[in-house]
Amino acid sequence: AQSVSQHNHHVILSEAASLELGCNYSYGGTVNLFWYVQYPGQHLQLLLKYFSGDPLVKGIKGFEAEFIKSKFSFNLRKPSVQWSDTAEYFCAAGEITGGGNKLTFGTGTQLKVEL
Amino acid sequence: EAGVTQSPTHLIKTRGQQATLRCSPISGHTSVYWYQQALGLGLQFLLWYDEGEERNRGNFPPRFSGRQFPNYSSELNVNALELEDSALYLCASSLANVNSPLHFGNGTRLTVT
């Protein structure tokens, strides 16, 4: 079955610390991979996406993610977090079959950045 | 550009009743997706509509149903409500292109008492 796993449910960091959030997916075929972010009181927003090509993708606000096919992973990174990065982060995968963008989401990682 | 809009923002129902949730996609988007976000379970895929047709549904019972109208807006209906249906219901829209990302609304918070 298709699944997405996020191993860190809650992460607390100090400002300027480096961030890495883990994401692993389980799919048989070719997948599109996404990271979405939900800031407090706001709707889910796309942070970055991987479809093909360079496995290191850069998104908004200094975030990047690396697709490692052999590890079925798509970890999110940021070299130096800010207080404003406090949010919930969701990894998602979509199998490229039959059109459409039906996504399977992970359970999310709640990130709190302390001043 | 107006985003995805959902109504109502909050909905309180009692067990056994029916709930109707509404979603208006971004202009030009033909695909609408419904997700359930229950506490601790992340986002669970419910339904996908495109061009007025149901294209796919997730692992939910038949009492979860919906439709898409000619203007691409969509309704999610939940019949015979159960306590565990309490959740945030998110609607997302996208272009029909497989590489088009999903744009989410703010959701409808459904509480079943």
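Since this is a predicted model, take the numbers as computed values, not measurements.

Trainee: Got a minute to help me understand the interface of chain B and chain A in this structure?
Mentor: Often the size quoted for an interface is simply the accessible area lost on bringing the parts together. Between chain B and chain A, the residue contacts involve 23 residues of the former and 20 residues of the latter. Roughly 1,700 Å² is buried in total at the junction of chain B and chain A, and carbon and sulfur atoms are behind 59% of that figure. The interface formed by chain B and chain A contains zero salt bridges. The tally of links from chain B across to chain A stands at three residue pairs in polar contact (both at pLDDT 80 or more). Within the residue set of the side of chain B that touches chain A, elements represented by two or more residues are strand S4 (31-38), strand S5 (42-50) and strand S9 (87-94) of chain B. For the side of chain B that touches chain A, the element with the most residues is S5(B), which contributes four residues. Among the residues forming the side of chain B that touches chain A, the class breakdown is 13 nonpolar, ten polar and no charged.

Trainee: Even after reading the chapter, I still don't get the nonpolar core, so can you show me in this structure?
Mentor: The tendency in soluble globular proteins is for nonpolar side chains to be buried side by side. In this structure, Trp35(A), Leu48(A), Phe74(A), Leu76(A) and Tyr89(A) are the most contacted members of the largest nonpolar core, which totals 29 residues. Mapped onto this core, the elements with two or more residues apiece are strand S2 (10-14), strand S3 (19-21), strand S5 (31-38), strand S6 (45-50), strand S8 (64-68), strand S9 (73-78), strand S10 (87-95) and strand S12 (109-114) of chain A.

Trainee: Explain the side chain of Gln38(A) to me, please; I cannot follow it from the model alone.
Mentor: On the secondary structure map, Gln38(A) appears in strand S5. Polar side-chain contacts of Gln38(A) include one of 3.4 Å to the backbone oxygen of Gln42(A). Those residues in contact with Gln38(A) that lie beyond four places of it in its chain are His43(A), Leu44(A), Ala87(A), Glu88(A), Phe90(A) and Gln37(B).

Rules used throughout
- Residues numbered from 1 in each chain as written.
- Chains lettered and ligands numbered in written order.
- Predicted model: local features only at pLDDT ≥ 70, side-chain atom pairs only at ≥ 80, totals over all residues.
- Heavy atoms only, no water.
- Contact = heavy atoms within 4.5 Å.
- Buried area = accessible area lost by both parts, 1.4 Å probe.
- Salt bridge = Lys/Arg side-chain N within 4 Å of Asp/Glu carboxyl O.
- Polar contact = N/O pair within 3.5 Å; in protein donor to acceptor, adjacent residues only side chain to side chain.
- Helix = DSSP H or I, 4+ residues; strand = E, 2+ residues; numbered from the N terminus.
- Nonpolar A, V, L, I, M, F, W, Y, C, P; charged D, E, K, R; others polar.
- Core = buried A, V, L, I, M, F, W, Y, C linked by side-chain atoms within 4.5 Å.
- Buried < 20%, exposed > 50% of the residue type's maximum accessible area, 1.4 Å probe, protein only.

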